[in-house]
Amino acid sequence: MSAVPSAAHRPAGPATPAAPKARAVELSGWGRYPRGECVFVEARGADDVLAAIAGNETLIARGNGRSYGDPALNSAGTLSLLKSNRFIDFDPASGMLTCEAGVLLEDVIDTFLPRGWFPPVTPGTKFVTIGGMIASNVHGKNHHLAGSFGDHVDRIDLALADGRIVRCSREENESLFAATCGGMGLTGVILRARFRLMPVETSFIRRETRRMRNLAAAMDAFEAARDWTYSVAWIDCQARGDALGRSLLFLGEHARAEELPAAQCLSPRALPRKHSRTVPVDVPGFVQNRWSIGAFNALYYRVARPGTDILDYDRFFYPLDGILEWRRLYGRAGLVQYQCVLPLAASRAGLTLLLKRIGDAGLGSFLGVLKLFGGQTSGLLSFPMEGYTLALDFPASAKTLALFPLLDAIVADHGGRLYLAKDAATSSAMMERFYPGLAQFRAVRERVDPAGKFVSRQSRRLGL
Ligand SMILES: Cc1cc2nc3c(=O)[nH]c(=O)nc-3n(C[C@H](O)[C@H](O)[C@H](O)COP(=O)(O)OP(=O)(O)OC[C@H]3O[C@@H](n4cnc5c(N)ncnc54)[C@H](O)[C@@H]3O)c2cc1C
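Thresholds, definitions, all that
Throughout, residues of each chain are indexed from 1 in the direction in which the sequence is written. Residues qualify for local features only when their pLDDT is at least 70, as the model is predicted, and side-chain atom pairs are given and counted only at 80 or more; totals for whole chains, interfaces and linings, by contrast, use all residues. To obtain the side-chain values, all non-hydrogen atoms of the structure were used and water was disregarded. What makes a residue near a molecule or strand is one non-hydrogen atom of that residue sitting within 4 Å of it. N or O atoms within 3.5 Å of each other form a polar contact, as long as, within protein, one can give a hydrogen and the other can take it, and as long as residues adjacent in sequence are counted only when both atoms are side-chain atoms. Strands are runs of DSSP state E lasting at least two residues, helices are runs of H or I lasting at least four, and both sets are numbered from the N terminus onward. Exposed residues in this analysis have more than 50% of their type's maximum accessible area, buried residues have under 20%, and partly exposed residues fall in between, with area computed by a 1.4 Å probe over protein chains only. Here, residues are in contact when the closest pair of their heavy atoms is within 4.5 Å. Take a side-chain nitrogen of Lys or Arg and a carboxyl oxygen of Asp or Glu: if they are within 4 Å of each other, that pair is a salt bridge.

Caption draft 1: Inspection of the site of the ligand at higher detail. In the region of the ligand, 35 residues are neighbours, and Ala61, Gly63, Arg66, Ser67 and Thr129 sit closest. Here Thr129 contributes a side-chain N or O atom positioned 2.6 Å from an oxygen atom of the ligand. At a separation of 2.8 Å, an oxygen atom of the ligand approaches a polar side-chain atom of Ser136. Counting residues per element, the ones that place at least two in the shell around the ligand are strand S4 (60-62), helix H3 (130-135) and strand S11 (189-196).

What follows is the structure in structure tokens.
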């Protein structure tokens with residue numbers, strides 16, 4: 001396959017100047033909290049990346065800005081890889097794809113799903129770059145069987161602080177590979193990666209929806225459904241008492257051709273028509289209060305229809321992508337997501353405490369997601385561990401930010417950790433408790449970047 005630019009979906013971002021290459025731009029993560037002015041540079045390929053590394057005292061790579069907080073922000077130099085977006089090679093015998101780091105997952109799917117290939121792991125949005133997926137070592141609804149994205153990456157070409165380009169994999173520069181998968185851009189700039197796609201018969205998912213009356217029922221159901229490829233629950237975090245943690249559990253399998261209704265049989269791997277809506281303005285903050293959130297959650301729980309259906313991959317994996325700029329529902333102040341994982345044995349007690357604490361604070365979330373992870377995956381700073389992960393969106397407010405340290409303490413006391421791709425507010429002291437691989441990670445960084453060229457607003461806050 002020749003090197004061709006992927007036809008990228010480029011949501012709102014700074015426009016491209018011909019020259020000069022660097023300019024000041026206000027940037028944020030997906031949550032729009034925090035924001036800050038950054039010297040912004042765009043790279044088209046490896047030469048531009050090397051020039052930016054040489055020409056900036058400090059730098060952080062940026063993909064499509066879908067991490068929520070501040071990991072892709074550095075005021076003195078933020079390097080966008082979105083224009084380094086060429087497919088380089090594809091082997092149809094093995095499904096091995098090589099591409100530049102700025103290729104969007106959406107473009108991988110649009111190009112390869114009609115040929116019978118799908119990403120082995122996908123987050124809940126397709127508007128992420130391959131570089132961003134590796135740097136956060138993202139997980140999907142199949143973590144219990146497939147691990148994280150990094151587990152399917154064969155090798156990475158990484159530009160280091162001293163201007164060298166090194167190849168790292170499980171066989172070559174192994175410790176650098178382990179620090180880069182989940183390393184939040186702090187080991188260098190990922191230029192290219194080779195990873196394996198998985199074969200699928202159709203572009204459809206067979207979904208089973210089940211209503212769970214509380215947290216204990218949901219957890220029992222997750223554990224009984226470990227054979228399903230995909231599992232995820234939407235959790236009503238406003239429910240209290242016996243109904244605490246009531247949820248809708250969604251299970252999924254890639255549909256086989258013979259399972260499709262007649263209408264879809266003619267083109268089983270067709271891409272669904274793209275019909276997205278946009279939230280045109282910021283919704284005022286007062287619209288999200290405990291009553292509106294409570295009403296939404298109760299309605300969502302009641303109207304969902306338990307049973308089995310066949311739906312296209314887009315509606316199963318990326319329901320939020322159908323509403324462009326949905327973050328505007330949280331108003332101009334933005335949103336923060338709290339995503340933690342707790343070890344299996346501590347999950348029931350820890351999740352109950354977290355949900356109670358959130359309820360007591362009078363805070364709620366429109367979107368609460370619960371998933372069961374499999375074992376620890378590769379990557380010194382990787383987030384997953386065997387147990388349950390809970391992700392909740394909150395409006396960015398003083399009340400929310402006052403709650404988070406209390407949640408952090410519960411998570412740390414139960415042996416869990418926070419996901420760096422969602423974090424905007426935790427502390428360096430908590431980071432030491434969350435990530436036992438931190439010392440090893442720092443040792444690799446010290447070796448490849450002794451002067452600390454690669455820094456982000458998050459890495460400074462957390463003392464990484
Ligand atoms: C709606 C929504 C749903 C999501 N669901 C999930 C989910 O289910 N599972 C999950 O794991 N995550 C999920 N995420 C988080 C998202 O997958 C990660 O934050 C991902 O890293 C974003 O990719 P990006 O290209 O936008 O990277 P950015 O947000 O731009 O950057 C993220 C990090 O990657 C680094 N980085 C980016 N490109 C490079 C590069 N070329 N070289 C070195 N470092 C680089 C940056 O420095 C930064 O530290 C979700 C996010 C949203 C908005």
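Caption draft 2: Just helix H2 (residues 105-112), in detail. Within H2, six of the eight residues are buried, which leaves it mostly tucked inside the rest of the structure. Every buried residue belonging to H2 is among Leu105, Glu106, Asp107, Val108, Ile109 and Phe112, and all of these are buried. Buried-residue contacts for H2 involve strand S6 (86-91), strand S7 (96-100), strand S8 (117-118), H3 and helix H9 (313-317).

Caption draft 3: Fine view of the pattern of salt bridges. Going through the model one piece at a time under the given rule, you end up with 22 salt bridges. Between Glu100 and Arg86 there is a salt bridge, with its nearest N and O atoms 3.4 Å apart. Taken together, the residues Glu100 in strand S7 and Arg86 in strand S6 connect sequence positions 14 residues apart. Among the residues examined, Glu100 registers a relative accessible area of 6% and is labelled buried. We note a salt bridge from Asp309 to Arg207, for which the minimum N-O separation is 2.6 Å. In this pair, Asp309 sits in strand S17 (residues 307-312) while Arg207 sits in strand S13 (residues 204-212), placing the two residues 102 residues apart along the sequence.

Caption draft 4: Structural view of the environment of Tyr419. With respect to the element layout, Tyr419 can be found in the loop between strand S22 (417-418) and helix H12 (428-434). When the C-alpha atoms of Tyr419 and Gly182 are compared, they prove to be 10.0 Å apart, with 237 residues separating the residues in sequence. Sequence-distant contacts of Tyr419, that is, excluding residues within four places in its chain, are made with Ser136, Val138, His139, Gln339, Phe383 and Tyr435.

None of the figures reported here should be taken as evidence of function without further support.
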